[in-house]
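Understanding the architecture of this molecule
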Amino acid sequence: MTAARGNPEECRGGDPVGHGLCPAGMDPRAREAIENIVQAVREGDDARIRTLLATLAAVADTTALLYLRGRLHAPE
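Right, let's walk through the structure included here. As the structure is a computational prediction, the values presented were derived from the model and not from experiment.

1. Topic: the overall build of the protein chain
Within the protein chain, the regular secondary structure consists of three helices and zero strands. Each helix (α) and strand (β) of the protein chain, taken in turn from the N terminus, gives the series α-α-α. Sequence-distant contacts, at least 24 apart, represent 47% of the contacts inside the protein chain between residues at least 6 apart. Per element, the accessible surface of the protein chain, about 4,800 Å² overall, is 54% carbon and sulfur.

2. Looking at the pattern of salt bridges
Counted under the stated rule, the structure contains three salt bridges. With its nearest N and O atoms 2.7 Å apart, the salt bridge here joins R29 to D27. Overall, R29 belongs to the exposed group, its relative accessible area being 53%. Across the salt bridge formed by R48 and E43, the nearest N and O atoms sit 3.9 Å from each other.

3. Remarks on helix α3 (residues 62-73)
Taking 1.5 Å per residue, twelve residues should reach 16 Å; α3 reaches 17 Å between its end C-alpha atoms and fits that length. For α3, every residue scored as buried is listed here: A64, Y67, L68 and R71. The buried residues of α3 occupy an angular sector of 105 degrees when the element is viewed end-on, so they sit on one face. Opposite the buried face of α3, by more than 90 degrees, sit the exposed residues T62, L66, R69 and H73. Where the residues of α3 are buried, they touch α1 (28-43) and α2 (46-59).

4. Details of the nonpolar core
Core analysis: the biggest nonpolar cluster contains 15 residues, and M26, A30, I34, I37, L56, Y67 and L68 have the highest contact counts within it. Broken down by secondary-structure element, the contributors of at least two residues to this core are α1, α2 and α3. In terms of residues, this core owes the most to one element, α1, which gives six residues. Excluding residues within four positions of it along the chain, L56 makes contact with A30, A33, I34, I37, L65 and L68.

5. Quick notes on α2
Taking 1.5 Å per residue as the helical rise, α2 with its 14 residues ought to reach 20 Å, and the 20 Å between its terminal C-alpha atoms agrees with that figure. For α2, the full list of buried residues reads I49, L52, L56 and V59. One face of α2 carries all of its buried residues, which in axial projection span an arc of 85 degrees. Counted as exposed and oriented over 90 degrees from the buried face of α2: R50, T51, A54, A57 and A58. As for α2, its buried residues are in contact with α1 and α3.

Thresholds applied
Residues numbered from 1 in each chain as written. Predicted model: local features only at pLDDT ≥ 70, side-chain atom pairs only at ≥ 80, totals over all residues. Heavy atoms only, no water. Helix = DSSP H or I, 4+ residues; strand = E, 2+ residues; numbered from the N terminus. Contact = heavy atoms within 4.5 Å. Areas by Shrake-Rupley, 256 points an atom, 1.4 Å probe, with all protein chains shown as cover. Salt bridge = Lys/Arg side-chain N within 4 Å of Asp/Glu carboxyl O. Buried < 20%, exposed > 50% of the residue type's maximum accessible area, 1.4 Å probe, protein only. Expected span 1.5 Å × (residues − 1). Arc of directions from axis to C-beta. Core = buried A, V, L, I, M, F, W, Y, C linked by side-chain atoms within 4.5 Å.

Dropping the structure here:
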């Protein structure tokens with residue numbers, strides 16, 4: 001797999017987003033927060049979601065936010 005398409009093993013969910021997998025070069029802290037947010041949303045854990053969103057806000061860029069959107073809309 002090319003670096004431009006990302007590494008699915010780094011995505012934990014491995015779900016496609018847009019035309020590729022996880023964006024290459026995404027801050028690992030943002031990726032981890034996003035995966036944890038997705039899990040907390042699916043579990044309905046509002047307090048954890050708030051905490052994780054604060055963590056993500058500190059490191060997120062537009063790419064990370066678009067990735068979060070894609071992960072939240074992806075089927076389980």
